[in-house]
Each structure stands twice: as structure tokens, then as C-alpha cells.
Amino acid sequence: MDQINFLEKVTLFKNLSRDELESLASISEIRIFEKGDFLFQQNTQPDSIFLIYQGDVVLFVTTPYGEKKTITSFGKYDFLGEGSLMDDSPRSTSAKAEFDTTVLVLHNSDIRKIFKLHSLLSVKIFTQII
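Given the structure is predicted, the values throughout are model-derived calculations rather than measurements. (Residues numbered from 1 in each chain as written. Predicted model: local features only at pLDDT ≥ 70, side-chain atom pairs only at ≥ 80, totals over all residues. Heavy atoms only, no water.)

**Here we look at the overall build of the protein chain**
Then comes step 1: Counting its secondary structure elements, the protein chain contains 4 helices and 8 strands.
Then comes step 2: Going from N to C terminus, the protein chain has its helices and strands arranged as α-α-β-β-β-β-β-β-β-β-α-α.
Then comes step 3: Relative to the compact-globule value of 14 Å for 130 residues, the protein chain shows a C-alpha radius of gyration of 15 Å, a close match.
Then comes step 4: In the protein chain, which comprises 130 residues, the share counted as buried stands at 43%.
Then comes step 5: Here the analysis covers contacts within the protein chain between residues at least 6 apart in sequence; of these, 75% occur between residues at least 24 apart.
Then comes step 6: Separation of charge centres in the protein chain, based on 14 positive and 18 negative side chains, amounts to 2 Å. (Helix = DSSP H or I, 4+ residues; strand = E, 2+ residues; numbered from the N terminus. Rg over C-alpha atoms; globule rule 2.2 N^0.38 Å. Buried < 20%, exposed > 50% of the residue type's maximum accessible area, 1.4 Å probe, protein only. Contact = heavy atoms within 4.5 Å. Lys, Arg positive; Asp, Glu negative; His and termini not counted. Charge placed at Lys NZ, Arg CZ, Asp CG, Glu CD.)

Here's what the structure looks like:
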């Protein structure tokens, strides 16, 4: 997988320089989730951003009565969990692989280290989040 070419197609990173993309690629972790695996669960602490390389992910909420309500689904070049960079509140949703799904995971602690090296990077990314 060519992480840099993939990252530049993700809307969250559309205004980044090659150097900034290389920095993010260097901290990315490729993970494969099998159908039915959770990327993250409701009421857990957020710690990562997930970028979908291949497959589909459904985002849903579980009501107090145990009912699952689908919010949306995501596919290639979509991302989830970006709000975790701004807020440490527990996740309000869950995300589950609909099919075998390959994602790039960027851990918030690593992203924050990159922000210190590339001061404008955080501004560019937060601008896209907003």
C-alpha cells in the first residue's frame, strides 16, 4: 500500500505538503478488521483516527434500550474519529466493519508529536475538521 498517495486523497489531508503527508504516513498503522469487528465502541475513550483504505464501516449508536440505530456508513477514503483530536470525551457511537476492511490508523499521541514538528499541520487538519 502506498500510504502517501492514499493520504493525499483523504479530504482531511487535502491541503498537506508532501513532507507533511510523509510524516503522517510514517506513523500510520495498517490494520485489517474482519467482518463484524469493532473499530471502536460507544462509551470508550477515543485514541485514534481511522482512514478506510478498503471495505465498509457502519457507524451506529446503541440506545439505552439496547436498540442499534445506524447513523451512516463509510467507504474508501472516508475517515472516522477525527473529533478525538479535539475532545477526550467518551465516544458517542460505535463503528463496525461491514466486510473485511483495511484501514490506516493514526494514533492521537503520535499525531500530536507530528504537530510539534510541523506547526502548520495542526491548523490545516483542524480547518478540514471544522
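Additional details are given in the paragraphs that follow.
**Concerning the side chain of S94**
Then comes step 1: Tracing the backbone through its elements, the reader meets S94 in strand β7 (residues 94-97).
Then comes step 2: Of note is the side chain of S94, whose polar atom sits 2.8 Å from the backbone nitrogen of Q42.
Then comes step 3: Setting aside anything within four residues of it in sequence, one finds S94 in contact with F38, F40, Q41, Q42, V58, L59 and F60. (Polar contact = N/O pair within 3.5 Å; in protein donor to acceptor, adjacent residues only side chain to side chain.)

**A word on the nonpolar core**
Then comes step 1: Among the nonpolar cores identified, the biggest contains 23 residues, and L7, F13, L24, L51 and I125 are the most heavily contacted of them.
Then comes step 2: At 4 residues, helix α2 (residues 18-27) tops the list of elements feeding residues into this core.
Then comes step 3: Ignoring anything within four residues of it in the chain, the contact list for I125 reads L12, F13, L16, L24, L85 and F115.
Then comes step 4: Membership of the second largest hydrophobic core comes to 13 residues, among which are L39, I52, L80 and V105. (Core = buried A, V, L, I, M, F, W, Y, C linked by side-chain atoms within 4.5 Å.)

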